[in-house]
Amino acid sequence: TERTYIMVKPDGVQRGLVGKIITRFEERGYKIVALKFVQPTEEHLEKHYADLRNKPFFPGLIKYMASGPVVAIVFEGLDAVKTGRAMLGATNPLASPIGSIRGDFCLAVGRNIIHGSDSVESANKEIALWFPEGITEWKSVFENWIYE
Ligand code: GTP
Ligand code: MG
């Protein structure tokens, strides 16, 4: 079983979309194993988006991401990384299918409301960065009704 790092960005929080976003993952069958509400520092976000540091939009991205609190979440379940990305849609909301989170709730690439890990390797790095205290393992009573 796999884990992914999902984060409701400051615009998602401001627009009151936290509940809807969490509900989509819960309804799909994913299990929360870590969750917190935090105001990230620019320094922390520069680590999170280190791969993008040479992009022209990097300074704006860091400002946007530090502009308010975010909800940091780890979801666990079958194919969590790839399926999580599919649930998000494309980076550009206008290229995201209707029915995906970005395809249903936003319009601009620089205000795309949610982050999701793009590989198992980045998920592991991001989970360690956002949850150095570790995650909380637990067994859902629905497990046998979600997995065969
Ligand atoms: P994340 O889940 O946030 O990592 O998005 P992603 O994996 O779909 O895209 P990527 O990691 O390449 O970029 C990270 C974030 O930078 C995006 O979600 C956007 O918010 C922002 N971003 C990416 N490309 C652009 C761009 O061309 N212009 C602007 N303004 N922002 C961009
Ligand atoms: Mg990314």
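The rules we used
- Residues numbered from 1 in each chain as written.
- Chains lettered and ligands numbered in written order.
- Predicted model: local features only at pLDDT ≥ 70, side-chain atom pairs only at ≥ 80, totals over all residues.
- Heavy atoms only, no water.
- UniProt positions renumbered as here; feature names shortened; annotations may be inferred.
- Helix = DSSP H or I, 4+ residues; strand = E, 2+ residues; numbered from the N terminus.
- Buried < 20%, exposed > 50% of the residue type's maximum accessible area, 1.4 Å probe, protein only.
- Contact = heavy atoms within 4.5 Å.
- Salt bridge = Lys/Arg side-chain N within 4 Å of Asp/Glu carboxyl O.
- Near = heavy atom within 4 Å.
- Polar contact = N/O pair within 3.5 Å; in protein donor to acceptor, adjacent residues only side chain to side chain.
- Areas by Shrake-Rupley, 256 points an atom, 1.4 Å probe, with all protein chains shown as cover.
- 1 Å grid on protein atoms, 1.4 Å probe; cavity = no way out; pocket = protein on both sides within 12 Å on 5 of 7 lines; lining within 4 Å.
- Sits in = over half its atoms within 2 Å of the grid points.
- Nonpolar A, V, L, I, M, F, W, Y, C, P; charged D, E, K, R; others polar.
- Pairing = 2+ DSSP bridges.

1. Side note on the UniProt feature "domain: Nucleoside diphosphate kinase-like" (unreviewed entry) in the protein
With numbering matched to this structure, UniProt assigns "domain: Nucleoside diphosphate kinase-like" (unreviewed entry) to residues 1-137. Split by type, residues 1-137 is 41% helix and 19% strand. Its first and last C-alpha atoms lie 12 Å apart.

2. Regarding the environment of proline 59
Mapped onto the fold, proline 59 is located in helix α4 (residues 58-65). Among the residues examined, proline 59 registers a relative accessible area of 55% and is labelled exposed. The sequence separation of proline 59 and serine 117 amounts to 58 residues, and the corresponding C-alpha distance is 20 Å.

3. Focus on the UniProt feature "active site" (unreviewed entry) in the protein
This chain's UniProt record puts "active site" (unreviewed entry) on His115. On the basis of relative accessible area, histidine 115 is assigned to the buried category, the value being 7%. With near-sequence residues (within four places) excluded, histidine 115 lies in contact with Tyr5, Ile6, Met7, Lys9, His48, Tyr49, Leu88, Arg102 and Glu126.

4. Quick notes on the pattern of salt bridges
Taken as a whole and assessed by the stated rule, the structure comprises 8 salt bridges. Of the charged contacts in the structure, one is a salt bridge between lysine 36 and glutamate 133, with a shortest N-O distance of 3.0 Å. In this pair, lysine 36 is assigned in strand β2 (residues 31-38) and glutamate 133 in the loop between α7 (120-130) and α8 (143-146), connecting sequence segments 97 residues apart. Given a relative accessible area of 22%, lysine 36 falls into the partly exposed group. Under the relative-accessibility criterion, glutamate 133 is labelled exposed at 53%. In this structure, aspartate 79 and lysine 82 form a salt bridge, with 3.6 Å as the shortest nitrogen-oxygen distance. Relative accessible area serves as the criterion here: at 29%, aspartate 79 is assigned to the partly exposed category. One salt-bridge network, in which partners are shared between bridges, spans Arg3, Lys31, Glu76, Glu137, Lys139 and Glu143.

5. Things to note about the site of ligand 1
Lining the immediate surroundings of ligand 1 are Lys9, Tyr49, Leu52, Phe57, Leu61, Arg85, Thr91, Arg102, Val109, Asn112, His115 and Gly116. At a separation of 2.8 Å, an oxygen atom of ligand 1 approaches a polar side-chain atom of lysine 9. Side-chain polar atom of asparagine 112 to an oxygen atom of ligand 1: 2.8 Å apart, as the coordinates give it. The fraction of the free accessible surface of ligand 1 (600 Å²) that becomes covered by protein chains is 74%. Of the pockets mapped on this structure, ligand 1 occupies the largest pocket. Tallied by class, residues from the shell around ligand 1 come to 5 nonpolar, 4 polar and 3 charged.

6. Re the pairing of strand β1 (residues 2-8)
β1 sits mainly inside the fold: 5 of its 7 residues count as buried. Where β1 and strand β3 (residues 70-77) come together, 7 bridges link them in antiparallel fashion. Paired with arginine 3 across the strands is glutamate 76, a residue of β3. As paired strands, β1 and strand β4 (residues 114-116) are joined by 3 bridges and run antiparallel to one another. From the neighbouring strand, isoleucine 6 faces β4, where its bridge partner is glycine 116.

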